[in-house]
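# Observations on the three-dimensional arrangement
Take a look at the letters that make up each chain.
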Amino acid sequence: MQSIRSIFLLLAGITAFVALAVFTFSVTLAVGGILTVLMAGRALSLKMKPAPVRATPKTKPHSAENMRIWNDGRGTIIDL
């Protein structure tokens, strides 16, 4: 009777240990996956650059054909 009870307690302990190990592993994978997605999203968002903004040239009657003005998103460029 004592041996049956000790075997049952041993199996219950092993089962509890395995269940906790599987739970810990799954939580670790879930947190790792969430962190990976967040880091990838941040890395991709930093690499995206805004589209260039096109500005219309300010035409003057005497130099309209020789001057180009545009904005590349970092500042206005005037080509004389």
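Residues numbered from 1 in each chain as written. Predicted model: local features only at pLDDT ≥ 70, side-chain atom pairs only at ≥ 80, totals over all residues. Heavy atoms only, no water.

## Notes on the overall build of the protein
Threshold: The helix count covers DSSP runs of H or I at least four residues long, the strand count covers runs of E at least two residues long, and both are numbered beginning at the N terminus. Each residue gets one of three labels from its accessible area relative to the maximum for its type: buried under 20%, exposed over 50%, partly exposed in between, using a 1.4 Å probe on protein chains only. Here the Shrake-Rupley method, with its probe set to 1.4 Å, supplies the accessible areas, and only the displayed protein chains count as covering residues.
For the protein, the count of helices and strands is one helix and two strands. The order of helices and strands in the protein, counted from the N terminus, is α-β-β. Counting the 80 residues in the protein, one finds 4% classified as buried. As presented, the protein carries roughly 7400 Å² of accessible surface, and 72% of it is formed by carbon and sulfur atoms.

## Looking at the environment of Arg68
Here is the rule: By definition in these notes, contact holds between two residues if any of their heavy atoms fall within 4.5 Å.
Structurally, Arg68 is set in strand β1 (residues 68-71). Remark: the alpha-carbon pair of Arg68 and Asp79, spanning eleven residues in sequence, is separated by 5.0 Å. Excluding residues within four positions of it along the chain, Arg68 makes contact with Ile77, Ile78 and Asp79.

## Let's talk about the UniProt feature "transmembrane region" (unreviewed entry) in the protein
What counts, and what does not: UniProt positions are given in the numbering used here, feature names are shortened, and annotations may be inferred rather than shown by experiment.
Mapped onto this numbering, the UniProt entry gives "transmembrane region" (unreviewed entry) at residues 6-39. Structurally, residues 6-39 is divided into 100% helix and 0% strand, and its ends, taken at the C-alpha atoms, are 49 Å apart.

## Quick notes on a nonpolar patch on the surface
Heads up, the condition is: What goes into a patch is any residue over 30% in relative accessible area without a salt bridge, connected to like charges within 9 Å or, for nonpolar side chains (Val, Leu, Ile, Met, Phe, Trp, Tyr), within 5 Å. Salt bridge, as used here: a side-chain nitrogen of Lys or Arg that lies within 4 Å of a carboxyl oxygen of Asp or Glu.
A contiguous nonpolar surface patch, about 710 Å² in accessible area, is contributed by Ile7, Leu10, Leu11, Ile14, Phe17, Val18 and Val22. Judged by its relative accessible area of 53%, Leu10 is exposed.

## Observations regarding the pairing of β1
Cut-off, in case you're wondering: A strand pair is defined by DSSP finding two or more bridges across the two strands.
In the sheet, β1 pairs with strand β2 (residues 76-79) via four bridges, with the strands oriented antiparallel. Across the sheet, the residue bridging to Arg68 is Asp79, located in β2. From the end of β1 to the start of β2, which pair antiparallel, there are four residues, and Gly73 there has a positive phi angle of about 95°.

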